[in-house]
Amino acid sequence: MPEAKPETTPQKIIIDTDPGQDDAVALLLALASPQELEVLGIVSVAGNVGLAQNSKNALKIVELSGRDDIRVYAGCDRPIRRTPVTAEHVHGQSGLDGPDLPDPKISLEDVHGVDFIIQTLENSPENEIILCALGPLTNIAMALVRAPHIAPKIKEIVLMGGGCFEGGNITPTAEFNIYVDPEAADIVMHCGAPITIIPLDVTHAALATKDRLQSFLNMGNKTGAAIHQMLTFSERFDLEKYQWRGAPLHDPCVIAYVLAPDMFSGRFINVEIEVSSELTRGMTVADFWGVTDREPNATFMRYIDDDHYYTMLAERLATLP
Ligand code: BDR
Ligand code: CA
């Protein structure tokens, strides 16, 4: 049975992203949920590929969703201190290889993404806006450094990044989003706002099996066909690497958490970011068993109800064009 949708005021969110096939599905999930989510804006960041291409990809996804009212802002084009690291080997040269999506007709807003984040939070009441982070945390960290007074305004930062029991995916100990800009992640982890982390420990249990991929195609809409093409492209790297029955579908977990937090379980613990060592750069040092007396600063998720996740994706994405 389709989920009953409550009649409440939609939760206001800002999505910070580097699309990315899995980012694209996350954007589409959010844009397919207007009764629960008001997307105040999408901010692009350098990550999977360079900023210009990530921004263009975000515009393409907004057009695919039919929600041309959604504004897209370009953010930072490089990490705070590090040389950019990209992931064309996973996502393809365009960052969004797979479907042949038309060049976007809509354009980027004429405001820097970091300014947008700062101004939007400054003009909002406390505890109203959730920041959904699907890429390196550069924009959010820059906003917090430039305008620390916005931190108490943030209702929650929900981010895909890091790993504990599953280790890393770009180095043995680091997950890509945190590895690319560890200084940014370190700033975010200490900003004082409530933080929820969706790490590899969760996303590695959210596999897009053949049946689940097929269900996107079976939706019969343009969006479902595009998602099927995207994920069929991006899975090849992970299938070869892990030899699993499907590839992890990382970033939509962030949106799924905002929509249905009970789908996830984890612990409120201390998480620190390794910024000094080259060997373990970007490791999320997660004190899951409470073996230090360091103050908890994040809810670190460990489990997902993956059947619920894919049911939610199929139901909601079917409502798009
Ligand atoms: C994360 O890295 C990116 O390549 C994906 O889009 C996701 O945000 C997974 O490690
Ligand atoms: Ca991403």
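Placed above this text is the structure.
How each quantity is defined
- Residues numbered from 1 in each chain as written.
- Chains lettered and ligands numbered in written order.
- Predicted model: local features only at pLDDT ≥ 70, side-chain atom pairs only at ≥ 80, totals over all residues.
- Heavy atoms only, no water.
- Core = buried A, V, L, I, M, F, W, Y, C linked by side-chain atoms within 4.5 Å.
- Buried < 20%, exposed > 50% of the residue type's maximum accessible area, 1.4 Å probe, protein only.
- Helix = DSSP H or I, 4+ residues; strand = E, 2+ residues; numbered from the N terminus.
- Contact = heavy atoms within 4.5 Å.
- Near = heavy atom within 4 Å.
- Polar contact = N/O pair within 3.5 Å; in protein donor to acceptor, adjacent residues only side chain to side chain.
- Areas by Shrake-Rupley, 256 points an atom, 1.4 Å probe, with all protein chains shown as cover.
- Phe/Tyr/Trp six-rings, centres within 6.5 Å; stacked < 30°, edge-to-face > 60°.
- Donors = N, O, S within 2.8 Å, 3.2 Å for Na, K, Ca; no water.
- Pairing = 2+ DSSP bridges.
- Right-handed = clockwise from strand over helix to strand, strands pointing away.

1. Some remarks on the nonpolar core
Within the largest apolar cluster, 60 residues are counted, with the highest numbers of intra-cluster contacts made by I13, I255, F264 and Y309. Sorting elements by how many residues they give to this core places helix α1 (residues 21-31) first, with eight residues. If we ignore the near neighbours within four places in the chain, the residues touching Y309 are A206, L249, H250, P252, C253, A256, M263 and I304. Residues I129, I154, A184 and V271 belong to the second largest nonpolar core, which totals 39 residues.

2. What to know about the site of ligand 1
Within the structure, ligand 1 sits among D22, D23, N48, H91, L134, M160, N169, E175, F176, N177, H250 and D251. Within the side chain of D22, an N or O atom sits 2.6 Å from an oxygen atom of ligand 1. Between ligand 1 and N177 there is a distance of 3.0 Å, counted from an oxygen atom to a side-chain nitrogen or oxygen. Surface burial for ligand 1 is 95%, taken as the share of its 280 Å² of free accessible area covered by protein chains. Mapped by element, the contributors of at least two residues to the shell around ligand 1 are α1 and α6 (176-180).

3. Structural notes on the packing of aromatic side chains
Counting across every chain of the model gives eight aromatic pairs. The interplanar angle of 85° and the centroid separation of 5.1 Å between the aromatic rings of F165 and F288 together place this pair among those described as edge-to-face. Here the residue F165 occupies a position in the loop between β5 (154-160) and α6, and F288 occupies one in the loop between β11 (284-286) and β12 (298-304), the gap between them amounting to 123 residues. Note on F288: relative accessible area 6%, which makes it buried. Geometrically, the ring pair formed by F165 and W289 is edge-to-face, given 6.0 Å between the ring centres and 70° between the ring planes. On the criterion of sequence distance, the pair formed by F165 in the loop between β5 and α6 and W289 in the loop between β11 and β12 is long-range, its members being 124 residues apart. On the basis of relative accessible area, W289 is assigned to the exposed category, the value being 53%. Taken together, the aromatic side chains of F165, F288, W289 and F300 make up a single cluster linked through ring pairs.

4. Overview of the coordination of the calcium ion (ligand 2)
Distances from the calcium ion (ligand 2) to its protein donors, D18 (OD), D23 (OD), D23 (OD), L134 (O) and D251 (OD), fall at 2.3 to 2.5 Å. Each donor residue of the calcium ion (ligand 2) lies on the same chain, and together they follow the pattern D-x4-D-x110-L-x116-D. Placement of the pair is D18 in the loop between β1 (11-17) and α1 and L134 in the loop between β4 (129-133) and α5 (138-146), with a sequence separation of 116 residues. For the pair D18 and L134, one class covers both residues: buried.

5. Side note on the pairing of β1
Among the seven residues of β1, six are classified as buried, and the element is accordingly described as predominantly covered. Relative to strand β2 (residues 37-44), β1 runs parallel, the two sharing seven bridges. By the bridge assignment for β2, D16 is matched with V43. Read from β1 through α1 to β2, the crossover connection turns out right-handed. Where β1 and β4 come together, five bridges link them in parallel fashion. Looking at the pairing, D16 lines up with A133 of β4.

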